[in-house]
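Architecture and fold: a report
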Amino acid sequence: MDALEIIRQIGSVEELEKAAQSCGGRDAGPAFNTHIHLPPNFSAFETVQEAIEQAAAEGLKVLGAGNYYDFTVYESFAEGCRRRGIFPLFHTEIITLDEPLLRKGIRINDPGNPGKMYLCGKGISRWSALNPRGRELLAAIRRNDAERMRQMIDKLSEHFRRCGLPIELDDRAVIQRVVNRHRCEPSTVTLQERHAAQAFQEVLFEKVPPAERIGRLTALFGTAPKSAPQDAVGIQNEIRSHLMKAGKPCFVPETFLSPAQAEELIGHLGGIVCYPVLADGASPVCEFEASPEELAKTLLQRGYRMAEFISIRNSPDVLVRYVRTLRQAGIAVTVGTEHNMLEKPPLEPACLKGVPLPEEVKTLFWEGTCVLAAHQFLSAHGKEGFVRPEKMSDGTRRCDQIERFARLGAAVLQRYFEKLGRG
């Protein structure tokens with residue numbers, strides 16, 4: 001079944017808008033998560049179904065996937081969610097470069113790279129019928145990423161060889177490892193730094209016994225590793241930090257879309273432009289985000305009407321301050337966990353060190369989740385969703401629109417669970 005058909009079958013727009021009149025949308029609902037990565041993106045999960053089963057075991061009722069640059073997996077994701085009584089949300093994530101902020105040395109939401117900005121496209125609906133301009137932008141991203149990873153993997157192979165470890169991997173071999181691990185088609189794989197680091201760590205562990213690894217890694221890194229010789233994940237992270245980052249021997253500069261191009265692509269995909277907030281996930285806080293009040297003002301000036309938190313990075317007090325300020329400014333807020341490392345923490349979002357989300361922010365995150373459900377429902381029916389302020393033709397204020405979409409989304413979710421017999 002088509003991923004969006006699962007959403008369309010909930011009912012007509014007219015039916016659900018009528019049902020929304022009696023839905024609140026603001027009270028905190030069941031457990032939810034609006035941002036994870038699914039394989040073949042680098043992910044904590046071996047399969048899509050593994051992610052869905054963990055979500056079901058934890059009692060999550062809404063789960064959103066935000067994969068990079070290929071959305072083939074969303075068909076099986078949607079069907080798996082339907083079988084387990086979970087509402088699926090479809091997103092993407094795009095890395096951009098803001099040249100003016102780069103020239104000023106301003107860090108945005110990447111603490112190590114001034115000018116580098118992550119943007120999310122939430123509630124996308126047109127990936128299978130993308131128009132020519134959208135296909136052109138998406139192809140440019142994939143082409144640039146593929147060439148960068150090819151060069152970086154070649155540099156890693158050469159560096160390992162010079163250090164006495166002839167690990168002859170190229171990009172095709174790394175892709176094949178991803179294909180073997182996740183049983184996917186090669187064309188669906190977008191290689192990431194973590195994929196390359198994992199491949200080199202795995203071959204190193206195959207070739208070098210534990211007793212010899214510290215010495216070999218010291219030669220590779222130019223300094224002794226901090227990780228234990230059998231710590232696969234730790235060694236992968238150190239391969240990235242010592243060899244693949246800016247200024248390191250295997251670094252290759254990235255070629256980015258501009259924020260405007262990423263916004264255009266998200267529009268072609270039918271999504272909402274969403275800004276991922278790092279806040280005190282960086283120390284010190286990035287200059288772009290140093291004040292929640294100024295951040296809210298800047299996001300609205302750019303036309304960004306949604307923001308997302310990976311809350312496990314944030315202390316509760318800071319999270320409350322940022323979420324409250326953004327929502328009061330008329331920006332809807334959501335929350336996720338990414339799960340883009342091999343560790344498998346709980347899927348239900350929490351704060352730093354596992355502290356539960358404060359009820360105030362959990363309520364606002366649920367509201368944002370309902371907004372996403374409404375947007376995706378309307379988009380699946382070919383209707384206008386949660387659009388930018390300048391595109392609004394009915395005179396609705398931003399906050400009013402959030403509340404209206406939250407009510408519709410609550411009705412959509414309620415009807416979805418009723419139809420599955422899990423209301």
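Report follows, based on the coordinates.

The rules we used
Residues numbered from 1 in each chain as written. Predicted model: local features only at pLDDT ≥ 70, side-chain atom pairs only at ≥ 80, totals over all residues. Heavy atoms only, no water. Phe/Tyr/Trp six-rings, centres within 6.5 Å; stacked < 30°, edge-to-face > 60°. Helix = DSSP H or I, 4+ residues; strand = E, 2+ residues; numbered from the N terminus. Buried < 20%, exposed > 50% of the residue type's maximum accessible area, 1.4 Å probe, protein only. Polar contact = N/O pair within 3.5 Å; in protein donor to acceptor, adjacent residues only side chain to side chain. Contact = heavy atoms within 4.5 Å. Pairing = 2+ DSSP bridges. Axes fitted to C-alpha atoms, helices over the stretch in contact; angles between N-to-C directions. Right-handed = clockwise from strand over helix to strand, strands pointing away. Parallel < 35°, antiparallel > 145°, perpendicular 65-115°, else oblique. Left-handed = near helix turned anticlockwise from the far one by under 90°. Nonpolar A, V, L, I, M, F, W, Y, C, P; charged D, E, K, R; others polar.

1. Considering the packing of aromatic side chains
Under the criterion given, the structure shown has 15 aromatic pairs. Aromatic pair Phe-87 and Tyr-416: ring centres 5.0 Å apart, planes at 80°, arrangement edge-to-face. Here Tyr-416 lies in helix H15 (residues 398–419) and Phe-87 lies in strand S3 (residues 87–97), a separation of 329 residues in the sequence. Tyr-416 shares its class with Phe-87; the two are buried. Measuring from ring centre to ring centre gives 5.2 Å for Phe-90 and Trp-127, while their planes differ by 65°; the resulting arrangement is edge-to-face. In this pair, Phe-90 sits in strand S3 while Trp-127 sits in the loop between strand S4 (116–122) and helix H6 (132–162), placing the two residues 37 residues apart along the sequence. The rings of Phe-71, Tyr-74, Phe-77, Phe-90 and Trp-127 are connected pair by pair, giving a single aromatic cluster.

2. Things to note about the side chain of Thr-34
Tracing the backbone through its elements, the reader meets Thr-34 in strand S1 (residues 31–36). A relative accessible area of 0% places Thr-34 in the buried class. Among the polar contacts listed, one links the side chain of Thr-34 to the backbone oxygen of Val-335, at a separation of 2.7 Å. With residues near it in sequence (within four places) discarded, Thr-34 still touches Gly-64, Leu-89, His-91, Lys-122, Glu-308, Thr-334, Val-335, Gly-336, Thr-369 and Leu-372.

3. Thoughts on the sheet that holds strand S7 (residues 332–336)
One key point about sheets: their strands pair by backbone hydrogen bonds, in either a parallel or an antiparallel sense. A sheet is described by the order of its strands in space; here seven strands give the open sequence S1-S2-S3-S4-S5-S6-S7, paired in mixed fashion. Lying at the two open borders of the sheet, with one neighbouring strand each, are S1 and S7. Along the sheet, successive strands turn relative to each other by an average axial angle of 30°, direction set aside. Where strand S6 (residues 306–310) meets S7, five bridges bridge the pair, whose relative direction is parallel. By the bridge assignment, Ile-310 is partnered in S7 with Gly-336. Relative to S3, helix H4 (residues 74–83) is tilted by about 145°, and along the sheet it contacts strand S2 (60–67) and S3. Lying on the sheet, helix H13 (residues 316–328) is in contact with strand S5 (272–277), S6 and S7; it crosses S6 at an angle near 170°.

4. Thoughts on the pairing of S2
Along S2, eight of the eight residues are buried, which leaves the element largely enclosed by surrounding structure. The pairing of S1 with S2 spans four bridges and is classified as parallel. Note that in S2 the partner of Asn-33 across the bridge is Leu-63. Following the backbone out of S1, through helix H3 (residues 48–57) and into the adjacent parallel S2, one traces a crossover that is right-handed. Across six bridges, S2 lies against S3 in parallel orientation. Bridge pairing links Val-62 to Phe-87 in S3.

5. Let's talk about the packing of H3 against H4
In contact at an axis separation of 10 Å, H3 and H4 are set at 30° when each is read in the N-to-C sense. Our classification of the angle between H3 and H4 gives roughly parallel. When the axes of H3 and H4 are compared, the crossing they make is right-handed. Contact with H3, carried on its side by Val-48, Gln-49 and Ile-52, involves Ser-76, Phe-77, Gly-80, Cys-81 and Arg-83 of H4 and no other residues of that element. Within the contact of H3 with H4, the residues separate by chemical class into four nonpolar, three polar and one charged.

6. A word on the environment of Leu-60
Its location among the elements puts Leu-60 in strand S2. You can call Leu-60 buried: its relative accessible area is 2%. Placed 309 residues apart in sequence, Leu-60 and Thr-369 show a C-alpha to C-alpha distance of 12 Å. Beyond its immediate sequence surroundings of up to four residues, Leu-60 is in contact with Ala-31, Phe-32, Asn-33, Ala-55, Ile-86, Leu-347 and Glu-348.

7. Some words on unusual backbone geometry
Of the consecutive residues Pro-39 and Pro-40, the connecting peptide bond is found in the cis state with omega at 15°. As for its placement among the helices and strands, Pro-40 is situated in the loop between S1 and H3. Put simply, Ser-283 and Pro-284 share a cis peptide bond, and its omega is 0°. If you trace the backbone, Pro-284 turns up in the loop between S5 and helix H12 (292–302). With phi around 65°, Tyr-69 is a residue other than glycine that occupies positive phi space. Phi at Glu-338 is positive, roughly 65°, even though this residue is not glycine. As for its placement among the helices and strands, Glu-338 is situated in the loop between S7 and helix H14 (359–380). Residue classification places Glu-338 among the buried residues on the basis of a relative accessible area of 10%.

Coordinates in, geometry out; function isn't part of it.
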